[in-house]
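Summary of the model geometry
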Amino acid sequence: MCGIVGYIGTDKALPKVLSGLKFLEYRGYDSAGIAFVKNKSLNILKEVGRIENLDKKINAQEETYVSIGHTRWATHGKPNVINSHPHKNGKFTVVHNGIIENYVLIKEKLIKEGYSFLSETDTEVIPALLDYNYSISKDIMVSIRDTIKELEGSYALGIICDDDLKHIYAVRNGSPLIIARDEKGYFLSSDVPAILNFTNKYILLDESEIAKLSFDEYKIYDTNLDEIRKEEKIFDGTPDSAMKGNYEHYMLKEIHEEGKVFKDTLNYYVDNYKFKNTMPNFKKYNKIHIIGCGSAYYVGNIGKYLIEEYTNIPVLVEVASEYRYKKNFYDKDTLVIVISQSGETADSLAALRKAKEDKIDTLAIVNVVGSSISREADYTLYVKAGPEIAVATTKAFLAQTVLISLLAVKFSNNLNLLKEYDNLEKHICNLLNNNYEKYAEAIYKHEDTFFIGRLIDYALCLEGSLKLKETSYINSVAFQAGELKHGTISLIKDGTPVIGICTDENIINKTISNLKEVKARNAYVIFITNEDIDEDFYDLKLVLPKVHKLVMPILSIIPLQLIAYEVAKKRGCDIDKPQNLAKSVTVE
Ligand code: G6P
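Here is a short report on the structure shown in this document.

Parameters and conventions
Residues numbered from 1 in each chain as written. Predicted model: local features only at pLDDT ≥ 70, side-chain atom pairs only at ≥ 80, totals over all residues. Heavy atoms only, no water. Pairing = 2+ DSSP bridges. Helix = DSSP H or I, 4+ residues; strand = E, 2+ residues; numbered from the N terminus. Buried < 20%, exposed > 50% of the residue type's maximum accessible area, 1.4 Å probe, protein only. Right-handed = clockwise from strand over helix to strand, strands pointing away. Phe/Tyr/Trp six-rings, centres within 6.5 Å; stacked < 30°, edge-to-face > 60°. Lys NZ or Arg CZ within 6 Å of the ring centre and 35° of its normal. Near = heavy atom within 4 Å. Polar contact = N/O pair within 3.5 Å; in protein donor to acceptor, adjacent residues only side chain to side chain. Areas by Shrake-Rupley, 256 points an atom, 1.4 Å probe, with all protein chains shown as cover. Nonpolar A, V, L, I, M, F, W, Y, C, P; charged D, E, K, R; others polar. Axes fitted to C-alpha atoms, helices over the stretch in contact; angles between N-to-C directions. Contact = heavy atoms within 4.5 Å. Core = buried A, V, L, I, M, F, W, Y, C linked by side-chain atoms within 4.5 Å. Expected span 1.5 Å × (residues − 1). Arc of directions from axis to C-beta. Parallel < 35°, antiparallel > 145°, perpendicular 65-115°, else oblique. Left-handed = near helix turned anticlockwise from the far one by under 90°. Disulfide = S-S within 2.5 Å. Salt bridge = Lys/Arg side-chain N within 4 Å of Asp/Glu carboxyl O.

Overview of the pairing of strand β11 (residues 201–204)
- Inspection of the sheet shows strand β9 (residues 178–181) paired to β11 by three bridges, in the antiparallel sense. Of the residues in β11, the one forming a bridge with Ala-180 is Tyr-202.
- Two elements, β11 and strand β15 (residues 233–234), share two bridges in a ladder whose sense is antiparallel. Within β15, the residue paired with Tyr-202 across the bridge is Lys-233.

Let's talk about the pairing of strand β20 (residues 334–340)
- Here β20 lies mainly inside the structure; seven of its seven residues are buried.
- Because side chains alternate across β20, one face comprises the buried residues Thr-334, Val-336, Val-338 and Ser-340, and the other comprises Leu-335, Ile-337 and Ile-339, equally buried.
- Direction of pairing for strand β18 (residues 287–292) relative to β20: parallel, over a ladder of five bridges. By the bridge assignment for β20, His-289 is matched with Val-336.
- Of the crossover connections in this fold, the one passing from β20 over helix α11 (residues 346–357) to the parallel strand β21 (residues 361–366) is right-handed.

A few points about the packing of aromatic side chains
- Tallied over the full model, the rule gives 15 aromatic pairs.
- An aromatic cluster of at least three residues, connected via ring pairs, comprises Phe-282, Tyr-285, Tyr-379 and Phe-411.
- Above the plane of the ring of Tyr-323 lies Lys-354, whose end atom (NZ or CZ) is 6.0 Å from the centre.
- Sitting over the face of the ring of Tyr-444, Lys-570 holds its NZ or CZ atom 5.5 Å from the ring centroid.

Side note on the site of the ligand
- Neighbouring residues of the ligand: Cys-293, Gly-294, Ser-295, Ala-296, Ser-340, Gln-341, Ser-342, Thr-345, Val-391, Ala-582, Lys-583 and Val-585.
- Between the ligand and Gln-341, the relevant distance is 2.7 Å, taken from an oxygen atom to a main-chain nitrogen or oxygen of the residue.
- Here Ala-582 contributes a backbone N or O atom positioned 3.0 Å from an oxygen atom of the ligand.
- Isolated, the ligand exposes 390 Å² of accessible area, and the fraction of that covered by the protein chains is 89%.
- Among the elements that make up the shell around the ligand, the one with the highest residue count is helix α9 (residues 294–310) (three residues).
- Along the lines of polarity and charge, the residues of the shell around the ligand split into five nonpolar, six polar and one charged.

Quick notes on the sheet that holds strand β22 (residues 379–382)
- The five strands lie next to each other as β19-β18-β20-β21-β22, forming an open sheet whose pairing is parallel. A single partner strand is all that each edge strand has here, and the edge strands are β19 (315–319) and β22. If you compare each strand with its neighbour and ignore which way they point, the axes differ by 20° on average.
- Strand direction decides the pairing type here: β20 and β21, joined by six bridges, are parallel. When the bridges of β21 are listed, Ser-340 appears paired with Val-366.
- The strands that α11 touches are β18, β20 and β21; relative to β20, the one it contacts most, it runs at about 165°.

Overview of the side chain of Lys-395
- Tracing the chain through its elements places Lys-395 in helix α13 (residues 395–412).
- What makes Lys-395 buried here is its relative accessible area of 3%.
- Separated by 2.6 Å, the side chains of Lys-395 and Glu-257 make a polar contact.
- Filtering out sequence-adjacent residues up to four positions away, Lys-395 remains in contact with Glu-254, Glu-257, Glu-258, Val-261, Ala-385, Gly-386, Pro-387 and Glu-388.

Observations concerning the environment of Leu-196
- Secondary-structure assignment places Leu-196 in the loop between β10 (185–189) and β11.
- Sequence separation of Leu-196 and Thr-223 is 27 residues, and the distance between their C-alpha atoms is 29 Å.

Topic: the nonpolar core
- In this structure, Leu-406, Leu-407 and Tyr-421 are the most contacted members of the largest nonpolar core, which totals 111 residues.
- Excluding its chain neighbours within four sequence positions, the residues that come into contact with Tyr-421 are Phe-262, Leu-266, Val-402, Ser-405, Leu-406, Val-409, Leu-550, Val-551 and Ile-554.

Considerations on the sheet that holds strand β14 (residues 227–228)
- Across the sheet, which stays open at both edges, the seven strands sit in the order β5-β6-β7-β8-β12-β13-β14 with antiparallel pairing between neighbours. Lying at the two open borders of the sheet, with one neighbouring strand each, are β5 (87–89) and β14.
- Of the pairings in the sheet, the one linking strand β7 (residues 153–161) to strand β8 (residues 164–173) comprises six bridges and is antiparallel in character. Its bridge partner being in β8, Leu-157 is matched across the sheet by Val-171.

Digging into helix α17 (residues 508–519)
- Helix length check: α17, at 12 residues, gives a terminal C-alpha distance of 16 Å against a target of 16 Å (1.5 Å per residue), a fit within 8%.
- If you check which residues of α17 are buried, you get Ile-508, Thr-511, Ile-512, Asn-514, Leu-515 and Val-518. Down the axis of α17, the sector holding all buried residues measures 160°, keeping them to one side. Exposed side of α17, more than 90 degrees from the buried face: Asn-509 and Lys-510 are the residues found there.
- Here the buried face of α17 lies against β23 (448–453), β25 (497–502) and β26 (524–529).

Topic: unusual backbone geometry
- Here the bond from His-85 into Pro-86 is cis, since omega is 0°, no more than 30 degrees from zero.
- Examined against the element boundaries, Pro-86 turns out to sit in the loop between β4 (66–72) and β5.
- For Lys-359, which is not glycine, the phi torsion reads 65° and is therefore positive.
- Positive phi outside glycine occurs at Leu-455, with the angle close to 50°.
- Position of Leu-455 relative to the elements: it lies in the loop between β23 and α16 (456–472).

Quick look at the packing of α16 against helix α18 (residues 552–570)
- Running from amino to carboxyl end, α16 crosses α18 at an angle of 20°, the nearest separation of the two axes being 9 Å. One way to sum up the angle between α16 and α18 is to call them roughly parallel. By crossing handedness, the relation of α16 to α18 is classed as right-handed. Of the residues in α18, those in contact with Ile-456, Leu-460, Glu-463, Gly-464, Lys-467, Leu-468, Thr-471 and Ser-472 of α16 are Pro-553, Ser-556, Ile-557, Leu-560, Gln-561, Ala-564, Val-567 and Ala-568.
- Tallied by class, residues from the contact of α16 with α18 come to nine nonpolar, five polar and two charged.

Let's talk about the state of the cysteines
- Under the definition given, this model contains zero disulfides.
- Cys-461 takes part in no disulfide bond, and the closest cysteine sulfur, belonging to Cys-502, lies 8.4 Å away.

Describing the pattern of salt bridges
- Under the criterion given, the structure shown has 40 salt bridges.
- Residue Glu-232 is joined to Arg-181 by a salt bridge in which the shortest nitrogen-to-oxygen separation is 2.7 Å. Taken together, the residues span a long stretch of sequence, with Glu-232 in the loop between β14 and β15 and Arg-181 in strand β9 at a distance of 51 residues.
- Residue classification places Glu-232 among the partly exposed residues on the basis of a relative accessible area of 26%.
- Two residues, Glu-437 and Lys-570, come together in a salt bridge whose shortest N-O distance is 2.6 Å. Within this pair, whereas Glu-437 is found in helix α15 (residues 437–443), its partner Lys-570 is found in helix α18, the two being separated by 133 residues in sequence.
- The exposure class of Glu-437 is partly exposed, given its relative accessible area of 35%.
- It is possible to trace a salt-bridge network through shared partners that takes in Asp-11, Lys-16, Asp-182 and Lys-184.

Set out below in C-alpha cells:
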C-alpha cells in the first residue's frame, strides 16, 4: 500500500518527511521518492527498494522547507525509478495513494491534447490532468476541483505546482489522508503514526475536501471552494498504539483483519465464479513440489491435500532447508511452488534458486510485494494480507490457505468449486467474534499439549500446535491421530490437553476412536468439529460451521489462532515478539 507524507514550515523539511516515510514502511512498499523545493525550483529524487537507498542519495540537511514524499507499492507498472512517485507532468508534481480506474481514458484524452507520458502508472495522468485544467482556469484550486471531478477510483494526493512553490495542496477520495500541525509547520500524511514524532494534533480530511498548506496556516475548502472549519483532534497515545488501533496486540488485530484478507485475496483472483487473468494458466504441469518454512510449509501441507483431492497431480511438500540439499526428482512438467509471507526467507530463496538452476518452472506465493522470492520466481501470486507485524503469522497464513485452495480449483479446472467461497466471509466474522476463553483456561497451566487429526485436519494441527508453542512457550506436538498409539501416547498424563480436529467426515470416527483412547488415559480432550456429535469422550467441544472440504481449513485455523493468543495472554508472554523468533529469517 502506498504512503504519503508532506511538510511545509520553518523547520527543515527532509528529516520530517523521511521520518514519516519510515513510519509508513509497515504498509509495504517497493520504492520511495521525494520532491522538495530548493532555490525556487522543484527537485525530485526516487529510488527502488528500501527508504535507506533514498536516504543515502539525499542530504537531509538540505535548505528546503517544502517537501512531499512517497512510498510506492506497485500496482500499475513494475517497481522501478520511472514508475516511482513523485510524478511530474507539466507544472504539477504529485504523490498518490490509491488507484485511478479511468486512467486509460484520461491518458488518451491528454495525449490528444499534446501530453506525453513517461511511466506505466495510473498516477501520471493526475499531474497531466491538473496541468491541462490549470492551463484553462489559470487557478490551482479550480484545476484541482475540476480534476477530481474527472478522476474515478480512490486517491489521496499531495500536490505541488511550479507556479506556487510556497504551498502544498492535498485532496482525497477513498484513500485516507490527514493534515497535522506542530509549532513550526504543517504536515500531510496517510496516517497518524507517521507524524506522531512531531505532533499529535491533526484533522481528518473528508472526501473531496481540498487542503492548502502554507508556511503559517492551513485552510480546508469544500468542492465549491468555500473555506470550511474542521475540528482538530488530539491523538492520545504512542505511534505503536495508533497502529494497533483498539487492539491490545498486533496478533489480535491481524487475526481480526482476516475477513477482509479473505475477501481481498479471493477478489483479486476470482470474479463472478471465474478466474481473472491475475491467475496464470498452469495446464502443462503434472507434478507439483511445494516448499516453505514454518507456517508457510504447513500451508503447503494443506495445499497437498487439496490439490491431490481435486486433481490427479501428485504433490510433494518439503521444508525448504531440506529441499535445497536433497536429491529432487523433477522434470520440465514439474512446477515448484515456494510459499513465503516475507518473500525473504533464506532457505526458501535458496530452494527456489536451486529449482531455477535446474531449469524447473517456479511459482511464488508471497505477501510482501517486491521481495526477493517474488522477483526471482517465474510466476508470482500475491496474497492480499497487507503488512503483518506480529512475528507469529496469522492473517498471511489464512490468505495463503485461500490462495492454495484457489490453485487446487485452478488445477482441477472445476469452476463449480468457486461457489464454495460464497458464505465464508460471514462464517469468518462469526468465528472471530466467538469467545475462546474457556479453551485457553483449560490449556494455559499445562506444559505439554497435543494436537491430533488426520489428513487435512493434521495439516491444521501442525499450524495450531506451532501457533500455541511459539506464542505461549507451551511444548506442543501435532500428531497424525492414528500414530499416537505407536509411542507418543505414553506421554499422556492426568489432565494433559489433547486437541482433536475432526472436520473430514470420511475419517471422523477414526479420530474419535483415538480421542477415546487418550480420554481413557485421563487426557483433557478438546474436540473441534463441524459435525453434530454429542458424546462423552470430550471435556470441551468447539463447533465449526460445516462448509465444503475445499474451504474448511480457511475456517478451522481461526479458533486455533485465537486459542493460542488467549493462552499466551494468560501466561503473560510477549505475544507480538516471542522469544528467540524473527519475522523474517534471512540466515540459513
Ligand atoms: C519464521 C517466522 C514464521 C514463518 C517462517 C517462514 O520462522 O517466525 O512465522 O512461518 O519464518 O517465513 P516466510 O516469510 O517465508 O513465510
